[in-house]
Amino acid sequence: ALARWGQARAAARLVTPHPAPPALPPGAAASPRRFWGSYRPHIYFGMKTRSPRALVTGLMWMQQREAEARLRHTCEQGDGLSRYGWLQHDGENFGVQDIHDHGLLLRTEFVKRPGGEHGGDWSWRVTARPEGAGTQASLISLFFYVATDGQGTLQPHVEDKTRLASVTGTTEELGHFKISFLKPTAESGTAPKYASYNYLQAVSPGLHRLTDVVKSSLSNRFVFAPPGGARQRFFAVDTFRGLPGTAEQGPRSHLLLHQVTLRLPCRVEVTFESGSVAGRPGPLAGPALTEELAEHVAAFERRFEETFSLGRKGFTPAQQRFAQAALSNMLGGMGYFHGRSIVQSAHTEQPVPYPEGSLFTAVPSRSFFPRGFLWDEGFHQLLLARWDPALSREVIAHWLDLMNAEGWIPREQILDDEARAKVPPEFIVQHSENANPPTLFLALQQLLGAAPLPYLQRLFPRLRTWYDWYNTTQAGPLPYTFRWRGRDRDPELFLNPKTLTSGLDDYPRASHPSADERHLDLRCWMALASAVMGDMAERLGEPAEPYRHMQRELSDNGLLDRLHWAEHLGMFADYGNHSQAVGLEREKVRAAPGQVPPAPRLVRVVRKAPELQFVGALGYVSLFPFLLQLLRPDSPRLPRVLAALRSEQHLWTPYGLRSLSRASPLYMRRNTEHDPPYWRGPVWVNINYLAVRALHHYSGREGPHREQAVQLYRELRANLIANLYRQYAASGYLWEQYSDSTGKGQGCYPFTGWSALVVLVMAEEY
Ligand code: 6A9
């Protein structure tokens, strides 16, 4: 009975929020400055409020071609757009985005105008023009919508039977508001333009079904018939008849949608006016909007140069635009999510819902991973903290407020139905044994100096629990060692069981997971965490000695040597139960008599029994004592590390450092037949950023390897910048990772998470 009681208590703690007062002060999310924003990164263009049950607005479009009519809404790689993304975005008041969609160029712009008590006004401008040959004057539909998410009311105001001219409404936090869909004009914004209008009023079980609601309402019975012009049939929203199979769910969202159909080129503006703004000088549209946009562009460019000095450093205008786009896409990729993760621990039989929470965060990729990832976020904030430290502080506070009573923060934040709609079921549940690198400490290290004391005070109790959580749950077999929990369970099925928690997924570790493992990267992360905790405690007048003690032990170069230096391999390494002689082979399958044999699987064969030893896998993990600057500048290991880094047989490529040595037996090897190499060769920008930063550090320290560090710093920095710029110019995107043999972007796109750290490399901000 006692055991069962213990079990129940532990299960309860899994879903009990951390008891400290929230790191984010009450009401902060609803503060007017950042209440409205482009916080829907998974759609091409839209805005919402930072509210648990937000009002959302968005754009869909469709090129009305005879052969195919495709509705665009959520960012999908399958749409095959040649490029899209923010050219400029200041993270708060303004953004400009270009979307290139098969012969169509859409420019989407927004401007916010502060005022009143509920986030002020904003305006949109969408300009559409043909691009390339053979697309002149083709017919396009723009769909502007507004939808509620569980609260609020909307009233349509319809003119001439089919034109939704405006929507008025209220929500809890917005009070009264009015959204106006202005009449379209020619591209330059003056001459009115002929258009057909349709509108839709519908309900949806949630925001995740909005595309389906609109698609299911489309009919091509409509005819575009300009006076004296050619007639053309087109698709438009018709009557909404409900979504199949959703009747019993009840509507959570009310949708009002304005469709305008017209010939290219054209321009349409939308204004949002808050009821609490008094004495508005006039609508923020037409010439007034043009003027404010121009002011924002000029201010953005000034601030960008003041922050990153790329002009002063001699980058060309095209390179500067590239860097502006990289930063802008990280800012424009910020989202606000609200809901519950689905979690599980050793003490729960079934996955259970985590407490409800909100997350304001950047995302790795708008198309593929439009949600928060814990260790990605620490890297994101290295860039954002330079642009807007207050914004970064808010993001970090949001993340820490997702901590449970144990000190755990779920690694991947899949909070609402919109997020869940993008994730295969097997990846949804988050396990509370699982960590992820505590990179928020990287960002905090940078923010610490200028952060207001009350902010640090609110963070500290949570950080303390977080830090203790790593020390207790991820402890290694010996004092001052660490071990990632949650490696793949079924080692027979993988060439090398993965360690998703480390963030380096399939990077080779001990072939046979066991409690004897010591993981070098985690140990180095904890050295960093200890140092930042120590600094923070000192600033707050809290006892710092326990953190300083850990910091000393974890950065003691002698102890590091004893635990992780593999002399015969000539590198720092993990330690564990390991066999280097493993391979994947086709399973021999015997068919039952008279039956077709099942398809053979690849299974692992171990040709030499594993034994406790250092793990030979030269690559990013081996570099960690250097990456996190734990090696002393006069360390006798430093020249060995630098040699491996500079060797083309090992890690050096013209495009940056590859993740795993070319000489490593698992270099570019698949893990299973369905699982291609990921962190086994390609160039990843987050680790390259740390490498450039470390080289910069060692270039500035007296020591026998200083000159070499200076040289390597210049080369690696130049290689990274040149390749990312080249790939962006050629493909239109920043990518998740880059091929170590050709430099080509690969994996998902656009990926303006940590790949955008190239801006800091250009700026030499470390
Ligand atoms: C899969 C597929 C529509 C993998 O950038 C986020 C993470 C990193 O934290 C990690 O270090 N990425 C890296 O190894 C992407 C992980 C995506 C997992 C979800 C679902 C969705 O298909």
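What you are looking at is a predicted structure, and each value in this text was computed from that prediction instead of being measured.

Caption draft 1: Local environment of the pattern of salt bridges. Under the counting rule described, the total for this entry stands at 49 salt bridges. Salt-bridge contacts for Arg129 lead to Glu187; the nearest nitrogen and oxygen are separated by 2.5 Å. Placement of Arg129 in strand 8 (residues 121-130) and of Glu187 in the loop between strand 12 (175-181) and strand 13 (196-204) is noted, with a sequence separation of 58 residues between them. Residue Arg129 is classed as partly exposed on the basis of its relative accessible area of 38%. For Glu187, a relative accessible area of 24% corresponds to the partly exposed category.

Caption draft 2: A look at the site of the ligand. Taken together, 16 residues lie around the ligand, and Trp375, Asp376, Gly503, Asp505 and Trp679 are the ones closest in. Within the side chain of Asp376, a nitrogen or oxygen atom sits 2.6 Å from an oxygen atom of the ligand. Between an oxygen atom of the ligand and a main-chain N or O atom of Gly503, the distance comes to 2.6 Å. Surface burial for the ligand is 83%, taken as the share of its 570 Å² of free accessible area covered by protein chains. In terms of residue class, the shell around the ligand is built from ten nonpolar, one polar and five charged.

Caption draft 3: Examining the nonpolar core more closely. In terms of nonpolar packing, the biggest core is built from 196 residues, with Leu142, Phe144, Phe308, Trp466, Trp525 and Phe626 touching the most fellow members. Top contributing element to this core by residue count: helix 10 (residues 520-540), with 13 residues. Once residues within four sequence positions are removed from consideration, Phe626 is found in contact with Leu631, Leu638, Val641, Leu642, Leu645, Ala691, Ala694, Leu695 and Tyr698. Residues Ile43, Phe143, Tyr145 and Phe240 belong to the second largest nonpolar core, which totals 21 residues.

Caption draft 4: Expanded view of the pairing of strand 11 (residues 163-171). With seven of nine residues buried, strand 11 is to be regarded as a mostly interior element. Two elements, strand 10 (residues 153-159) and strand 11, share seven bridges in a ladder whose sense is antiparallel. Residue pairing across strands places Glu159 opposite Arg163, the latter belonging to strand 11. Taken together, strand 10 and the strand that follows it, strand 11, pair antiparallel across an intervening segment of three residues, in which Asp160 is found at a positive phi of about 45°. In the sheet, strand 11 pairs with strand 12 via six bridges, with the strands oriented antiparallel. Along strand 12, the bridge assignment pairs Ser166 with Ser180. Counting the residues between successive antiparallel strands, the hairpin from strand 11 to strand 12 contains three residues.

Caption draft 5: A look at the sheet that holds strand 8. Taken in spatial order, the eight strands of this open sheet run 5-6-7-8-17-12-11-10, and their pairing is antiparallel. Each edge of the open sheet is held by one strand with a lone partner, namely strand 5 (83-89) and strand 10. When the angles between neighbouring strand axes are averaged without regard to direction, this sheet yields 15°. Note: strand 6 (residues 94-101) against strand 7 (residues 104-113), eight bridges, orientation antiparallel. By the bridge assignment for strand 7, Phe94 is matched with Val111. Here helix 3 (residues 286-308) sits on the sheet in contact with strand 5, strand 6, strand 7, strand 8 and strand 17 (266-274), set at roughly 85° to strand 7.

Caption draft 6: Representation of the sheet that holds strand 24 (residues 430-431) in the model. Strand order across the open sheet formed by three strands is 20-19-24, with mixed pairing between neighbours. Two strands close off the open sheet at either side, each with one partner strand: strand 20 (352-353) and strand 24. In terms of strand pairing, strand 19 (residues 342-344) meets strand 24 through two bridges, oriented parallel. Bridging across to strand 24, Gln344 finds its partner in His431.

Caption draft 7: Focus on unusual backbone geometry. The step from Leu264 to Pro265 runs through a cis peptide bond, and the omega angle for that step is -10°. The amide bond that connects Tyr749 to the next residue, Pro750, takes the cis arrangement and shows omega of -15°. Along the polypeptide, Pro750 turns up in the loop between strand 34 (745-746) and helix 17 (758-763). A positive phi angle is found at His102, which is not glycine, with a value near 45°. Mapped onto the secondary structure, His102 falls in the loop between strand 6 and strand 7. For His102, a relative accessible area of 42% gives the class partly exposed. The residue Asp505 is not glycine, and still its phi comes out positive at about 30°. With respect to the secondary-structure elements, Asp505 resides in the loop between helix 9 (453-473) and helix 10.

Caption draft 8: Representation of the environment of Arg646 in the model. Along the chain, Arg646 falls in helix 14 (residues 638-646). In this structure the C-alpha to C-alpha distance between Arg646 and Tyr199, which are 447 residues apart in sequence, comes to 61 Å. Excluding residues that lie within four positions of it along the chain, Arg646 makes contacts with Trp652, Leu712 and Glu715. Engagement of the side chain of Arg646 in a polar contact is seen with the side chain of Glu715, the distance being 3.2 Å.

Caption draft 9: Representation of the packing of aromatic side chains in the model. Overall, the coordinates contain 49 aromatic pairs when judged by the stated rule. Ring geometry for Tyr84 and Tyr733: centres 5.8 Å apart, planes at 75°, overall edge-to-face. On the criterion of sequence distance, the pair formed by Tyr84 in strand 5 and Tyr733 in the loop between helix 16 (706-731) and strand 33 (737-738) is long-range, its members being 649 residues apart. No difference in accessibility class separates Tyr84 from Tyr733, as the two residues are buried. Centre to centre, the rings of Phe626 and Tyr698 are 5.8 Å apart; their planes meet at 15°, and the pair counts as stacked. With Phe626 in helix 13 (residues 620-627) and Tyr698 in helix 15 (residues 685-699), this pair connects stretches of sequence that are 72 residues apart. For Phe626, a relative accessible area of 1% puts it in the buried group. Taking the relative accessible area as the measure of exposure, Tyr698 reaches 3% and is therefore buried. A connected cluster of aromatic rings, assembled from ring pairs, spans Trp36, Phe45, Trp86, Phe110, Trp122, Trp124, Phe144, Phe177, Phe181 and Phe272. Directly above the aromatic system of Tyr728 lies the positively charged group of Arg83, at a separation of 5.4 Å from the ring centroid.

Calculation criteria
Residues numbered from 1 in each chain as written. Predicted model: local features only at pLDDT ≥ 70, side-chain atom pairs only at ≥ 80, totals over all residues. Heavy atoms only, no water. Salt bridge = Lys/Arg side-chain N within 4 Å of Asp/Glu carboxyl O. Helix = DSSP H or I, 4+ residues; strand = E, 2+ residues; numbered from the N terminus. Buried < 20%, exposed > 50% of the residue type's maximum accessible area, 1.4 Å probe, protein only. Near = heavy atom within 4 Å. Polar contact = N/O pair within 3.5 Å; in protein donor to acceptor, adjacent residues only side chain to side chain. Areas by Shrake-Rupley, 256 points an atom, 1.4 Å probe, with all protein chains shown as cover. Nonpolar A, V, L, I, M, F, W, Y, C, P; charged D, E, K, R; others polar. Core = buried A, V, L, I, M, F, W, Y, C linked by side-chain atoms within 4.5 Å. Contact = heavy atoms within 4.5 Å. Pairing = 2+ DSSP bridges. Axes fitted to C-alpha atoms, helices over the stretch in contact; angles between N-to-C directions. Phe/Tyr/Trp six-rings, centres within 6.5 Å; stacked < 30°, edge-to-face > 60°. Lys NZ or Arg CZ within 6 Å of the ring centre and 35° of its normal.

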